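# Inside the fold
So the chains spell out like this:
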Amino acid sequence: MKKVFPNAAKALEGIVRDGQLMAVGGFGLCGIPEALIAALRDSKVKNLTVISNNAGVDGFGLGLLLETRQIKRMISSYVGENKEFERQYLAGELELEFTPQGTLAEKLRAGGAGIPAFFTRTGVGTLVAEGKELREFDGQTYVMERSLVPEVSLVKAWKADHSGNLIFRRTARNFNPAAAMAGKITVVEVEEIVETGSFDPDAVHLPGIYVHRIVLNANPEKRIEKRTITEKAGV
């Protein structure tokens, strides 16, 4: 089966629709599938529930979809750095399910592994546990978390071969492998595509069985997050 598509729009053609549950890889501004996100914006699909560690920034990453009001609900662990997200949430225009970061990663990993639910102590006694099953194990209380199985996952990797075997570059690996494994259909944006068999098998971070479509983005923007502080006088 041919997995390589000529552009991001073609890679999403026929698989995205209104009201979907989607996962998007990345952490902060690192490892964001920016070309796929832009193509998703241009597809005009709406009422999306998006699983992602965070929601990009204003004008970049998932911030593009917030500006066009295509996201109805976010499942995230961190939502800072995005003023439009804050405005929509406080105005009651955007639903939000806060999920502890490790729990979010495990919910995706479990979804990819075919595990429907798991128990964790994280969140017990907080808003995170409200409405969820609690159970005692060895004298400790645990909360049950359901796994996540998105209909479509959008992922960023460094290199792919034509079979979809992936290599991620350093910290850009972050949530991307878990999102790729969990998706019923996974679309991957990469900086380089090579012939099948070019990779040392031990170098492959994610096997191609999890990857359905690949698109080349040879020159991604690769923004860098910066912290701005007030400079003291005379410094």
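A few points on the structure. No experiment lies behind these values; they were computed from the predicted model shown.

Calculation rules
- Residues numbered from 1 in each chain as written.
- Predicted model: local features only at pLDDT ≥ 70, side-chain atom pairs only at ≥ 80, totals over all residues.
- Heavy atoms only, no water.
- Helix = DSSP H or I, 4+ residues; strand = E, 2+ residues; numbered from the N terminus.
- Rg over C-alpha atoms; globule rule 2.2 N^0.38 Å.
- Buried < 20%, exposed > 50% of the residue type's maximum accessible area, 1.4 Å probe, protein only.
- Contact = heavy atoms within 4.5 Å.
- Areas by Shrake-Rupley, 256 points an atom, 1.4 Å probe, with all protein chains shown as cover.
- Lys, Arg positive; Asp, Glu negative; His and termini not counted.
- Charge placed at Lys NZ, Arg CZ, Asp CG, Glu CD.
- Expected span 1.5 Å × (residues − 1).
- Arc of directions from axis to C-beta.
- Phe/Tyr/Trp six-rings, centres within 6.5 Å; stacked < 30°, edge-to-face > 60°.
- Lys NZ or Arg CZ within 6 Å of the ring centre and 35° of its normal.

### Focus on the overall build of the chain
On a plain count of helices and strands, the chain comes out with six helices and 14 strands. For the chain, whose C-alpha radius of gyration is 19 Å, the value lies close to the compact-globule estimate of 18 Å for 235 residues. The principal-axis extent of the C-alpha atoms belonging to the chain is close to 55 × 50 × 45 Å. Burial analysis of the chain (235 residues in total) assigns 46% to the buried set. Contacts in the chain between residues at least 24 apart in sequence constitute 72% of all its contacts with a sequence separation of at least 6. Accessible surface computed for the chain: about 12200 Å², of which carbon and sulfur atoms make up 51%. Placing the 30 positive and 29 negative side-chain charges of the chain at their respective mean positions leaves the two points 2 Å apart.

### Observations concerning helix H5 (residues 101–113)
With 13 residues, H5 should reach 18 Å at 1.5 Å per residue; the first-to-last C-alpha distance of 18 Å fits that figure. All of the buried residues along H5 are Thr103, Leu104, Lys107, Leu108, Ala110 and Gly111. End-on view of H5: buried residues confined to an arc of 160°, all on one side of the axis. For H5, the elements touching its buried residues are strand S2 (21–24), strand S3 (48–51), strand S4 (71–76), strand S6 (117–120), strand S8 (140–146) and helix H6 (176–182). Once H5 ends, the next one or two residues include Gly114, with phi positive near 75°.

### Considerations on the environment of Arg170
Following the sequence through the fold, Arg170 ends up in the loop between strand S11 (166–167) and H6. Each C-alpha atom of the pair Arg170 and Trp158 lies 9.3 Å from the other, and the pair is 12 residues apart in sequence.

### Comments concerning the packing of aromatic side chains
The full count for this structure, using the stated rule, is two aromatic pairs. Taking 5.5 Å as the distance between ring centres and 85° as the angle between the ring planes, the aromatic pair formed by Phe137 and Tyr142 counts as edge-to-face. The exposure class of Phe137 is partly exposed, given its relative accessible area of 33%. By way of ring pairs, the aromatic residues Phe119, Phe137 and Tyr142 are connected into one cluster. Above the ring of Trp158, the side-chain terminus of Lys159 is found at 4.5 Å from the ring centroid. Note that Arg169 overlies the ring of Trp158, its terminal NZ or CZ placed 5.8 Å from the centroid.

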